[in-house]
Amino acid sequence: MSEAQTIAPVSAGTSAAKCWSRALELTATIHRNRERVMSTVIEELAARCGDALALLSDRERFSYRALAERSNQYARWALAQGLTKGDVVGLLMTNRPEYFAVWLGITSVGGVVALLNTNLVGPSLSHCINIVSPKHLIVAEEFVDSLATAEQGLTVSPAIWVHGADHARYQRIDDDIERQSGEKLDASERPALTVEDRALYIFTSGTTGLPKAANISHARVLQWTHWFAGMMDAQPEDRMYNCLPMYHSIGGVLVPGATLVGGGSVVIREKFSASQFWNDVIRWDCTMFQYIGEFCRYLLQAAPSARNLNHRIRLACGNGLASDVWEDFKDRFDIPRILEFYASTEGGVSLFNVEGKRGAIGRIPGYLTHRFSPTLIRFDVDKGEPVRNEQGLCIRCAPNEAGEAIGKIVDDPSNVGSRFDGYTDKQASDKKILRNVFAVGDSWVRTGDLMRKDEKGFFYFVDRIGDTFRWKGENVATSEVSEAICSFPGIKHANVYGVTVPATEGRVGMAALVAEEELDLSELRKYLMNRLPAYARPAFLRFRDDIEVTGTFKYSKTDLVRQGYDPATTTDLIYFDNPESQAFDRLDNALFDRIQTGKIRL
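Residues numbered from 1 in each chain as written. Predicted model: local features only at pLDDT ≥ 70, side-chain atom pairs only at ≥ 80, totals over all residues. Heavy atoms only, no water.

*Asks:* I tried to follow the overall build of the protein on my own but got confused; where do I start?
*Replies:* Counting its secondary structure elements, the protein contains 17 helices and 30 strands. Its C-alpha atoms put the protein at 70 × 65 × 60 Å along the principal axes. When each of the 602 residues of the protein is scored for burial, the buried share is 58%. Partitioning the contacts of the protein with sequence separation of at least 6, the portion at a separation of at least 24 is 69%. Split by element, the accessible area of the protein, about 24600 Å² in all, is 47% carbon and sulfur. (Helix = DSSP H or I, 4+ residues; strand = E, 2+ residues; numbered from the N terminus. Buried < 20%, exposed > 50% of the residue type's maximum accessible area, 1.4 Å probe, protein only. Contact = heavy atoms within 4.5 Å. Areas by Shrake-Rupley, 256 points an atom, 1.4 Å probe, with all protein chains shown as cover.)

Laid out in structure tokens, this is it:
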């Protein structure tokens, strides 16, 4: 690395100004070193760090040198398949060090890797595959059955490669990979590649509709990894614990990449486990971990243990840590520093709470407002659109007034963090852009999130706009869930919405149904398991004689959301997808009380 890209040691108690300074310094040269992409960074690190551990798990581990070699094997595999610049490879694989090597290698020779959500099945999965049109699809052996549920809906025909086992219909990729050389590729082997080229597709449901594929350039990959390396002050002695899904930008790119940029190592677990979290952190001697707000709450709800304090954690970094959990979480587990942030995969707005103010998602220092310009505008929730004045322009929110967060779209190659690269779907990208905001002709990217900003400039998350809600760290699009439910024989209407459950983060799905006749709920449950990921399946079903609609024939949700799932508020039959019985059980007062008191956890 160049001198400008070396991270100087700074204590955990460093000032907010130094956090910003490190992040700015590390990202300052991205636009100038146009041919230096993430694989180049890993090659530099391999030369410098050699056999130092980079990625670890109970399944496998890579040193920096081994990671570079493994990624080179995937690069040569891609070239051997005739992959050209811009060709897409889908990746459906669980969390493991190999995951990082796959996308790193393929993108190093111009391929674009689509990181597929491993929870998806059926139409949701086929939709995601279809919209990126992959030439190849790499599927870990444990997800072959998931792919089978989606095959009928595929409109593309990628070559399918199974990782980890022989298969009667598909080729096995790991045997092919082992035959490839891990030596550094010559310049003649690589196509011309710059930071402006596309590297990844990462899926997000956004604020409405089916999942969309966000365009992620090599520049954005470098921006994410180097910016967070600076914010976290990542050092060679650091070890990050990562149990977030690697198909997400945070778990698959930002967390491992930022730690590696600092010369540290990353422990990768397949999925989050509250009971094993601290055992893992201690066993692997981790110094940092990445969180989402929900699992912080889950950790607090776990049985206390003196062993939980026997750790070396210096930093917890993440988003979604609720203010009512913040201090208890920090104090109980003796966390020296919490770095809360807000960002969207598709870009446009990012915030960082480097001061550690409880409940805040970030603040922009005065000396950087010219570069980072998140703004809150008044939003009409009933109309579902920003409020405009007599001149047709948007209105800025007053302090502590909730409004939609937007970010100005700038045409500045040096300001990678403020870019909006959009989606594969141009129409979806256009819907994300708000025009004529404060002046005729200006353009701002919409977040779809309501926030408020206090008098000191701290931003606080309020809620997501529209029907989409968050559950288990995922965005749930009600239109997609409704469509899946209505395709089951006998269902006429399905009005889907989110309801709050005590001691949980976000909202869980509930569906008000109108059926032609009595339904077989066991068959409906099996059907939804093959159609929807676990986080999107409704936990509650409410059967009604009719569905209330607005004047424009849209489902009315306000009263349903207010009434929730309390059986005492209605004569409608309500059923609960009980994790204990693995069935939809009739919700009575006794079962309702068990949910309310946390005796049944969703």
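*Asks:* Please clarify how the state of the cysteines should be interpreted in this entry.
*Replies:* By definition, a disulfide links the sulfur atoms of two cysteines through a covalent bond. Enumeration according to the criterion identifies 0 disulfides in this entry. Cys49 takes part in no disulfide bond, and the closest cysteine sulfur to it belongs to Cys286, at a distance of 18 Å. Considering cysteine sulfurs only, Cys243 is the nearest to Cys286, which forms no disulfide, with 10 Å between them. (Disulfide = S-S within 2.5 Å.)

*Asks:* How do you make sense of the packing of aromatic side chains when you look at a structure like this?
*Replies:* Geometry of an aromatic ring pair is reported as the spacing of the ring centres plus the angle between the planes. Scanning all chains against the criterion turns up 23 aromatic pairs. Plain terms: the ring middles of Trp20 and Trp227 are 5.9 Å apart, the flat faces sit at 75° to each other, and that makes the pair edge-to-face. A residue pair is termed long-range when its members are at least 10 positions apart, and Trp20 in helix α1 (residues 16–27) and Trp227 in helix α8 (residues 218–232) qualify at 207 residues. By relative accessible area, Trp227 is classed as buried at 3%. Between Phe420 and Tyr423 the ring centres are 6.4 Å apart and the planes differ by 85°, which places this aromatic pair in the edge-to-face class. For the residue pair Phe420 and Tyr423, the accessibility class agrees, reading buried in each case. Each residue in the set Tyr241, Phe272, Phe277, Trp278, Phe289, Phe329 and Phe333 is aromatic and connected to the rest through ring pairs, giving one cluster. The aromatic ring of Phe458 is capped on one face by Lys357, whose charged end is 5.5 Å from the ring centroid. Sitting over the face of the ring of Phe458, Arg363 holds its NZ or CZ atom 5.5 Å from the ring centroid. (Phe/Tyr/Trp six-rings, centres within 6.5 Å; stacked < 30°, edge-to-face > 60°. Lys NZ or Arg CZ within 6 Å of the ring centre and 35° of its normal.)

*Asks:* How should I be thinking about the nonpolar core in this particular structure?
*Replies:* The nonpolar side chains of a soluble globular protein tend to be buried, and buried together. Leu67, Trp103, Ile106, Leu200, Phe289 and Phe540 are the most contacted members of the largest nonpolar core, which has 185 residues in total. Looking at this core, the element that brings in the most residues is α8, giving 9 residues. Counting 6 residues, the second largest nonpolar core, distinct from the first, contains Ile377, Ile406, Leu434 and Trp444. (Core = buried A, V, L, I, M, F, W, Y, C linked by side-chain atoms within 4.5 Å.)

*Asks:* I'm lost on the pattern of salt bridges in this one. Help?
*Replies:* Once their charged atoms are close, side chains differing in charge can pair, the charge on each being opposite to the other. Here the structure, examined in full by the defined rule, presents 34 salt bridges. Between Arg22 and Asp233 there is a salt bridge, with its nearest N and O atoms 3.8 Å apart. Linking Arg22 in helix α1 with Asp233 in the loop between α8 and β10 (239–242), this pair joins segments that are 211 residues apart in sequence. Between Asp285 and Arg312 there is a salt bridge, and its shortest N-O distance comes to 2.8 Å. One end of the pair, Asp285, is in the loop between α10 (277–283) and β12 (288–292); the other, Arg312, is in the loop between α11 (293–301) and β13 (315–319), with 27 residues separating them in the sequence. Take Asp285: its relative accessible area is 37%, and that puts it in the partly exposed class. A relative accessible area of 45% means that Arg312 is categorised as partly exposed. Three or more residues are tied together by salt bridges with common partners; here these are Asp58, Arg269, Asp280 and Arg283. (Salt bridge = Lys/Arg side-chain N within 4 Å of Asp/Glu carboxyl O.)

*Asks:* Sorry if this is basic, but what is going on with the pairing of strand β29 (residues 573–578) here?
*Replies:* One face of the sheet, then the other: side chains in a regular strand alternate in exactly this way. Burial analysis of β29 places 5 of its 6 residues in the buried class, the great majority of the element. Pairing of strand β28 (residues 540–543) with β29, which is carried by 4 bridges, proceeds in the antiparallel orientation. The residue bridging Arg542 from the neighbouring strand is Ile574, located in β29. Both β29 and strand β30 (residues 583–586) contribute to a ladder of 4 bridges, which runs antiparallel. Residue Asn578 lies in a different strand from β30, and its bridge partner there is Ala583. In textbook terms, the turn of a hairpin is the stretch between consecutive antiparallel strands, and for β29 and β30 this stretch comprises 4 residues, one of which, Gln582, has a positive phi near 55°. (Pairing = 2+ DSSP bridges.)

*Asks:* Honestly, the sheet that holds β30 in this entry has me stumped. Any pointers?
*Replies:* Across the sheet, which stays open at both edges, the 5 strands sit in the order β26-β27-β28-β29-β30 with mixed pairing between neighbours. The two strands at the open ends of the sheet, each matched to only one other strand, are β26 (491–499) and β30. Looking at each pair of strands side by side, their axes are set apart by 25° on average, direction ignored. The sheet strands contacting helix α14 (residues 478–486) are β26 and β27 (508–515), and the helix crosses β26 at an angle near 145°. (Axes fitted to C-alpha atoms, helices over the stretch in contact; angles between N-to-C directions.)

*Asks:* How do you make sense of the sheet that holds strand β6 (residues 159–163) when you look at a structure like this?
*Replies:* Strands belonging to one sheet form pairs held by backbone hydrogen bonds; the direction of such a pair is parallel or antiparallel. Taken in spatial order, the 7 strands make up an open sheet running β7-β6-β5-β3-β4-β8-β9, and their pairing is mixed. With one partner strand each, in any of the chains shown, β7 (171–172) and β9 (212–217) form the two edges of the open sheet. Sitting on the sheet, helix α4 (residues 97–108) is in contact with β3 (88–92), β4 (112–115), β5 (136–140), β6 and β8 (198–204), with an inclination near 150° to β4.

*Asks:* Is there a simple way to explain α4 in this structure?
*Replies:* Since one α-helical turn is 3.6 residues long, residues separated by three or four positions face the same way. Counted at 1.5 Å a residue, the expected span for α4 with its 12 residues is 16 Å, and the 17 Å between its end C-alpha atoms agrees. The element α4 is largely enclosed, with a buried count of 12 among its 12 residues. Inspection of α4 places Pro97, Glu98, Tyr99, Phe100, Ala101, Val102, Trp103, Leu104, Gly105, Ile106, Thr107 and Ser108 among the buried residues, and these make up the whole buried set. In the stretch just after α4, Gly110 is the one whose phi turns positive, near 95°. (Expected span 1.5 Å × (residues − 1).)

*Asks:* Mind showing me how you'd approach the side chain of His218 here?
*Replies:* With respect to the helices and strands, the residue His218 is situated in helix α8. Classification of His218 by relative accessible area gives buried; the value is 3%. Those residues in contact with His218 that lie beyond four places of it in its chain are Val37, Thr107, Leu193, Thr194, Val195, Asp197, Arg198 and Ala199.

*Asks:* Which parts of the structure should I look at to understand unusual backbone geometry?
*Replies:* A negative phi holds for most residues other than glycine; trans holds for most peptide bonds. Here Lys472, not a glycine, exhibits a phi torsion of approximately 55°, which is positive. Along the chain, Lys472 falls in the loop between β24 (469–471) and β25 (474–476). Judged by relative accessible area, Lys472 falls into the partly exposed class, the value being 33%. The phi angle at Ala503 is positive, at roughly 65°, despite the residue not being glycine. Position of Ala503 among the secondary structure elements: in the loop between β26 and β27.

*Asks:* Hey, could you run me through helix α2 (residues 38–49) in this one?
*Replies:* Taking 1.5 Å of rise per residue, the 12 residues of α2 would be expected to cover 16 Å, and the 16 Å separating its terminal C-alpha atoms lies within 8% of that figure. Buried within α2 we find Met38, Ser39, Val41, Ile42, Glu43, Leu45, Ala46 and Cys49. Next to the buried residues of α2 lie α3 (64–80), α4, α8 and α9 (249–261). Gly50 sits one or two positions beyond α2 and adopts a positive phi of about 55°.

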